[in-house]
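Fold and geometry: a report
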Amino acid sequence: MKSAHLINLPKIVDPRGNLTFIEGNHHVPFDIKRVYWIYDVPGGEIRGGHAFKEQQELIISLSGSFDVVVDNGTTIQKFSLNRSYYGLYVPVGMWRHMDNFSTNSLALVLASTVYNEEDYIRDYEEFRKK
Ligand code: TYD
C-alpha cells in the first residue's frame, strides 16, 4: 500500500545562517519538473483537496506551519510541517489537502510533472474507485 513519508533534507548549519538544498532524483525520488508555492493563505482556508493520476510531489514548509492530510483510500494521516529542512513526499494516487496554515506561512511544492488539469482527480468518489 502506498504511503506518504517525511524526507529529511541536508542541513548545512552555519553561524551566518543555515542552508538546505534539494537535488532531483537524489533527495527526492523523481525528476523535478515544476516548483510552485502557496502563500498569503487567509486563516482557516484549505488548499488542495484532490488526487493526481501521475504527479508525485514533495511539500515543504519554507516558513511558518501548516498540516498536510493524506489519504491513500484506506488510511488517513496528518503531517504537521513547520521546518524547512524536511518535506513530505506524497506518492502518486493519494488524496491530499493542506490546512491549518499559520500567518505568513509559505508552502513549497516540488512536482514530478508540469501542470496538467487532466492529471487531477477532483471527485473523491472517483478517487475511491481507482
Ligand atoms: P489547484 O492545484 O487546483 O489548487 P489547490 O490544489 O490549492 O486547490 O490550482 C489552482 C489554480 O491554479 C487552478 O486554476 C490551476 C492553476 N495552477 C496552474 O496554472 N499551475 C500550477 O502549477 C498549479 C499548481 C495551479
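Residues numbered from 1 in each chain as written. Predicted model: local features only at pLDDT ≥ 70, side-chain atom pairs only at ≥ 80, totals over all residues. Heavy atoms only, no water.

What follows deals with the sheet that holds strand β8 (residues 76–81). Strand order in this open sheet of 5 strands is β8-β7-β10-β5-β12, and the pairing throughout is antiparallel. Looking at strand neighbours, the two that pair on one side only are β8 and β12 (120–121), the edges of this open sheet. Summarising the sheet, strand β7 (residues 66–71) and strand β10 (residues 95–99) pair through 5 bridges and their orientation is antiparallel. Within β10, the residue paired with V68 across the bridge is M98. (Pairing = 2+ DSSP bridges. Helix = DSSP H or I, 4+ residues; strand = E, 2+ residues; numbered from the N terminus.)

Turning our eyes to something else, we now look at the sheet that holds strand β6 (residues 57–63). With respect to topology, 5 strands assemble into an open sheet ordered β1-β9-β6-β11-β4, the strand pairing being antiparallel. Every other strand in the sheet has two partners, leaving β1 (5–8) and β4 (34–38) as the edge strands with one partner each. Going from strand to strand, the sheet's axes swing by 30 degrees on average, the running direction of each strand aside. In this structure, β6 lies alongside strand β11 (residues 106–111), joined through 6 bridges in antiparallel fashion. From the neighbouring strand, S63 faces β11, where its bridge partner is L106. (Axes fitted to C-alpha atoms, helices over the stretch in contact; angles between N-to-C directions.)

Of all the 5 residues making up strand β9 (residues 86–90), 5 are buried; the element is thus mostly covered by neighbouring parts of the structure. Where burial is concerned, the two faces of β9 agree: the one with Y86, L88 and V90 and the one with G87 and Y89 are both buried. Relative to β9, β1 runs antiparallel, the two being bridged by 4 bridges. Each residue of the ladder has a partner; that of I7, found in β9, is G87. Taken together, the 4 bridges between β6 and β9 define a ladder with antiparallel strand orientation. Paired with I60 across the bridge in β9 is G87. (Buried < 20%, exposed > 50% of the residue type's maximum accessible area, 1.4 Å probe, protein only.)

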